[in-house]
Amino acid sequence: RVSARFRRNLQPTLTYWSVFFSFGLCIAFLGPTLLDLRCQTQSSLSQITWVFFSQQFCLLLGSCLGGGFKRTLAQSLLALFASSLAISLVFAIIPLCHNVVVLAVVMAVAGLAMGCIDTISNMQLVKIYQKDSAIFLQALHFFVGFGALLSPLIADPFLSDTNCILANGTANASSNLPHIRKSLVPHHPGNLSHYDLPMKGMVVTRVSYAFWIMALINLPVPIAVFFLLYKERMVPCFNGSSHPLLSADELALETRPGDKDELSTAGQRPHTAAGHEDLFSCCQSKNFQGASFTYFAVHITGALVLFMTDGIVGEYSGFVYSYAVEEPLAVVHKVAGYLPSLFWGFITLGRLISIPVSYRMKPATMVFINVVGVLITFLLLLIFSSSVVFLFVGTASLGLFLSSTFPSMLAYTEDILQYKGCATTVLVTGAGIGEMVLQLLVGSIIHDRGSYSFLVCGMIFGCLAFTFYALLVFFHRMYPKPSPELDEASPEKAAVPEDTGQYQR
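Residues numbered from 1 in each chain as written. Predicted model: local features only at pLDDT ≥ 70, side-chain atom pairs only at ≥ 80, totals over all residues. Heavy atoms only, no water.

Defined as follows: UniProt positions are given in the numbering used here, feature names are shortened, and annotations may be inferred rather than shown by experiment.
Going by an unreviewed UniProt entry, the protein carries the name Major facilitator superfamily domain-containing protein 4A and comes from Leptocoma aspasia. Listed in UniProt under the heading Sequence similarities (unreviewed entry), the comment for the protein reads: "Belongs to the major facilitator superfamily."

**What about the overall build of the protein?**
Cut-off, in case you're wondering: Comment: elements are numbered from the N terminus, with helices defined as DSSP H or I runs of at least four residues and strands as E runs of at least two. The buried label applies to any residue whose accessible area, calculated with a 1.4 Å probe on protein chains only, is under 20% of its type's maximum; exposed applies above 50%, and partly exposed to all values in between. The criterion used for residue contact is that any of the two residues' heavy atoms lie within 4.5 Å. Here the Shrake-Rupley method, with its probe set to 1.4 Å, supplies the accessible areas, and only the displayed protein chains count as covering residues.
Assigned secondary structure in the protein consists of 25 helices and 2 strands. By the burial criterion, 57% of the 505 residues in the protein qualify as buried. A fraction of 83% describes how many contacts in the protein between residues 6 or more apart in sequence connect residues 24 or more apart. Split by element, the accessible area of the protein, about 20800 Å² in all, is 66% carbon and sulfur.

**Focus on a nonpolar patch on the surface**
The test is simple: Like charges within 9 Å and nonpolar side chains (Val, Leu, Ile, Met, Phe, Trp, Tyr) within 5 Å are joined into patches, using only residues over 30% in relative accessible area that form no salt bridge. One side-chain nitrogen of Lys or Arg within 4 Å of one carboxyl oxygen of Asp or Glu is enough to make a salt bridge.
Nonpolar side chains collect at one region of the surface, where Leu216, Leu219, Ile223, Phe226, Phe227 and Tyr230 lie side by side and expose about 600 Å² of accessible area between them. When residues in the nonpolar patch are grouped by element, the largest group, 4 residues, is from helix H12 (residues 220-231). Along the chain, the position of Ile223 falls in helix H12. A relative accessible area of 42% means that Ile223 is categorised as partly exposed.

**What to know about the packing of helix H6 (residues 73-93) against helix H7 (residues 100-129)**
Put simply, the rule reads: Axis angles are defined between N-to-C directions and span 0 to 180 degrees, where every axis is a line fitted to C-alpha atoms and, for a helix, only to the segment in contact. Handedness of a crossing follows from how the near helix is turned relative to the far one, being left-handed for an anticlockwise turn of less than a right angle and right-handed for a clockwise one. Residue polarity follows a fixed list, in which Ala, Val, Leu, Ile, Met, Phe, Trp, Tyr, Cys and Pro are nonpolar, Asp, Glu, Lys and Arg are charged, and the others, Gly among them, are polar.
Two numbers describe how H6 lies on H7: the axes approach to 9 Å, and their chain directions differ by 145°. Here the hand of the crossing between H6 and H7 comes out left-handed. The segment H6 lies against H7, with Leu73, Ser76, Ala79, Leu80, Ser83, Ser84, Ala86, Ile87, Val90 and Ile93 engaging Val106, Met107, Ala110, Ala113, Met114, Cys116, Ile117, Ile120, Ser121 and Gln124. For the contact of H6 with H7, a count of residues per class yields 15 nonpolar, 5 polar and no charged.

**Notes on the side chain of Asp118**
Rules: By the counting rule applied here, Lys and Arg register as positive and Asp and Glu as negative, while His and the ends of each chain are not counted.
The residue Asp118 is located in helix H7 in this model. For the buried residue Asp118, which engages in no salt bridge, the nearest side chain bearing the opposite charge is Arg351, 9.1 Å off. Beyond its immediate sequence surroundings of up to four residues, Asp118 is in contact with Phe20, Phe23, Ser63 and Val428.

**Structural notes on the pattern of salt bridges**
Per the counting criterion, the structure on display carries 1 salt bridge. The residue Asp132 makes a salt bridge to Arg5 at a minimum N-O spacing of 3.0 Å. Taken together, the residues Asp132 in the loop between H7 and helix H8 (133-155) and Arg5 in helix H1 (residues 2-8) connect sequence positions 127 residues apart. As far as the burial class goes, Asp132 and Arg5 line up, both buried.

**Here we look at the side chain of Ser54**
The condition that has to hold: Whenever a nitrogen or oxygen atom comes within 3.5 Å of another N or O atom, the pair is scored as a polar contact, on the condition that within protein one atom can donate a hydrogen and the other can accept it, and that pairs from neighbouring residues in sequence are kept only if both atoms are in side chains.
Within the secondary structure layout, Ser54 lies in helix H5 (residues 50-66). Within polar-contact distance, the side chain of Ser54 engages the backbone oxygen of Ala104 at 2.6 Å. If sequence neighbours within four positions are ignored, Ser54 has contacts with Ala104, Met107 and Ala108.

**Observations regarding the packing of helix H3 (residues 30-41) against helix H11 (residues 207-218)**
Where H3 meets H11, the axes come as close as 10 Å, and the angle between the chain directions of the two elements is 115°. As H3 runs across H11, the sense of the crossing is left-handed. Where H3 approaches H11, its residues Thr33, Asp36, Leu37 and Gln40 are matched on the opposing element by Val207, Ser208 and Phe211. The residue inventory of the contact of H3 with H11, partitioned by class, reads 3 nonpolar, 3 polar and 1 charged.

**Structural notes on the environment of Leu440**
Position of Leu440 among the secondary structure elements: in helix H22 (residues 423-449). You can call Leu440 partly exposed: its relative accessible area is 31%. For the pair Leu440 and Glu315, spaced 125 residues apart in sequence, the C-alpha to C-alpha distance is 8.2 Å.

**Re the packing of aromatic side chains**
The cut-off we apply is this: For Phe, Tyr and Trp, rings pair up if their centres lie within 6.5 Å, where Trp contributes its six-membered ring, and each pair is then called stacked (planes under 30 degrees apart), edge-to-face (over 60) or tilted (otherwise).
Taken as a whole and judged by the stated rule, the model has 27 aromatic pairs. Considering the side-chain rings of Phe29 and Phe211, the 5.3 Å spacing of their centres and the 85° angle between planes classify their relative orientation as edge-to-face. Within this pair, whereas Phe29 is found in the loop between helix H2 (10-27) and H3, its partner Phe211 is found in helix H11, the two being separated by 182 residues in sequence. Residue class for Phe29 comes out buried when judged on its relative accessible area of 0%. When its relative accessible area of 0% is taken as the criterion, Phe211 is described as buried. Look at Phe158 and Tyr209: their rings are 6.1 Å apart centre to centre, the planes differ by 35°, and that puts the pair in the tilted class. Of the two residues, Phe158 is situated in the loop between H8 and strand S1 (165-166) and Tyr209 in helix H11; the sequence distance between them amounts to 51 residues. Classification of Phe158 by relative accessible area gives buried; the value is 17%. Feature note: the residues Phe6, Trp17, Phe21, Tyr129, Phe136, Phe142, Phe143 and Phe146 constitute an aromatic cluster, connected by ring pairs.

So this is what it looks like as structure tokens:
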């Protein structure tokens with residue numbers, strides 16, 4: 001049944017997966033190329049690291065706004081086309097940015113595009129597959145991991161081995177360059193202020209070629225979205241009409257034509273607390289009318305779980321290198337540099353493994369295994385904090401357990417709400433806020449309390465994630481289930497699309 005639905009929705013599914021590859025390609029290139037971009041813009045380290053914040057803040061803003069493109073499939077696909085094309089243009093324009101402010105604005109545009117891609121792609125896959133969405137969400141998030149692995153590999157041959165601004169007295173600065181490159185932490189612009197690199201001189205960097213290659217690699221993605229628009233007759237210059245997304249009553253109408261009159265009447269009723277909205281629309285008072293306490297509790301606890309787990313991903317990938325090179329481990333810089341790559345590599349591997357696993361295992365069970373695994377891994381990292389070998393083992397283990405948390409939590413929460421709440425938008429926004437806020441928080445704590453607090457913070461966040469998950473399960477049990485009469489006759493039945501497998505317009 002699932003494979004039959006996949007075949008019927010093959011082109012849109014592959015398109016959403018390719019767009020998420022574009023998202024991953026854009027999210028991971030900034031760290032390794034930032035020193036070369038500093039040379040290109042002739043800015044200080046503290047100035048250039050604010051580009052991280054520009055991208056992440058606008059990514060969060062784009063995630064909030066992405067749900068606004070939900071009324072018609074044409075709106076969603078046009079937004080995805082514009083976003084994926086914007087990412088290719090950003091890659092092409094970055095080599096032309098010779099001012100740090102201009103670069104920050106360009107990265108802000110990229111962040112908005114990434115945020116829209118994040119929300120819309122998740123939302124559309126949930127709309128298409130509903131109860132079967134878990135396996136397709138796992139695959140979706142594998143592609144973002146694949147893109148995040150590929151972009152640093154593309155950039156690596158073009159990175160400068162020595163300081164890329166040639167000036168007097170650059171020898172000492174050049175010897176520190178590998179350590180500085182690994183110490184670049186997103187959203188924490190003050191952590192490199194003690195390094196002194198020249199700001200004036202002759203710029204020698206070849207990083208522009210890396211961005212142009214990534215622009216070409218990403219170009220097939222907006223073309224794929226355009227072909228989907230063309231196939232659905234939604235290209236404005238070819239067809240002026242747009243096709244509204246099928247609501248639950250219209251889907252029921254497709255499967256049971258005999259109920260046409262009844263459903264047509266029901267379709268005129270206003271939907272209360274239903275449908276996927278942007279974050280601001282979700283907060284409108286009309287959506288609160290008649291909603292139970294558990295309706296809000298499920299949204300909030302689900303978002304808090306991802307706030308913690310995505311925050312752990314951000315802070316661990318950002319600070320594990322700095323933790324490893326400090327006492328008591330004192331790992332050699334070159335060896336410690338493999339830790340972030342190992343972490344992201346096992347996140348990608350875990351997402352690949354989760355695709356077949358999610359077909360056999362319920363999303364709730366997968367989330368439970370993930371949060372318990374994160375807790376145990378941090379506990380063992382604390383116990384064996386003086387072991388370099390276990391740091392590598394724990395990093396790989398943490399990547400595996402964190403890999404499938406987001407898609408599993410999204411599928412689980414949407415199942416609870418019968419696909420009528422604002423779960424996708426709220427969860428994507430909560431995850432984005434957590435990744436930004438917890439990294440800033442951990443950076444400040446490490447600065448004040450030392451490197452060991454890095455693991456303590458991870459343990460605390462893991463405990464909070466488990467606590468919020470337990471609360472989510474509790475509220476799930478309290479959440480009102482649809483009555484048998486509603487399942488048989490109501491247009492609000494959430495499981496109806498399981499039988500149709502139709503691409504929702």
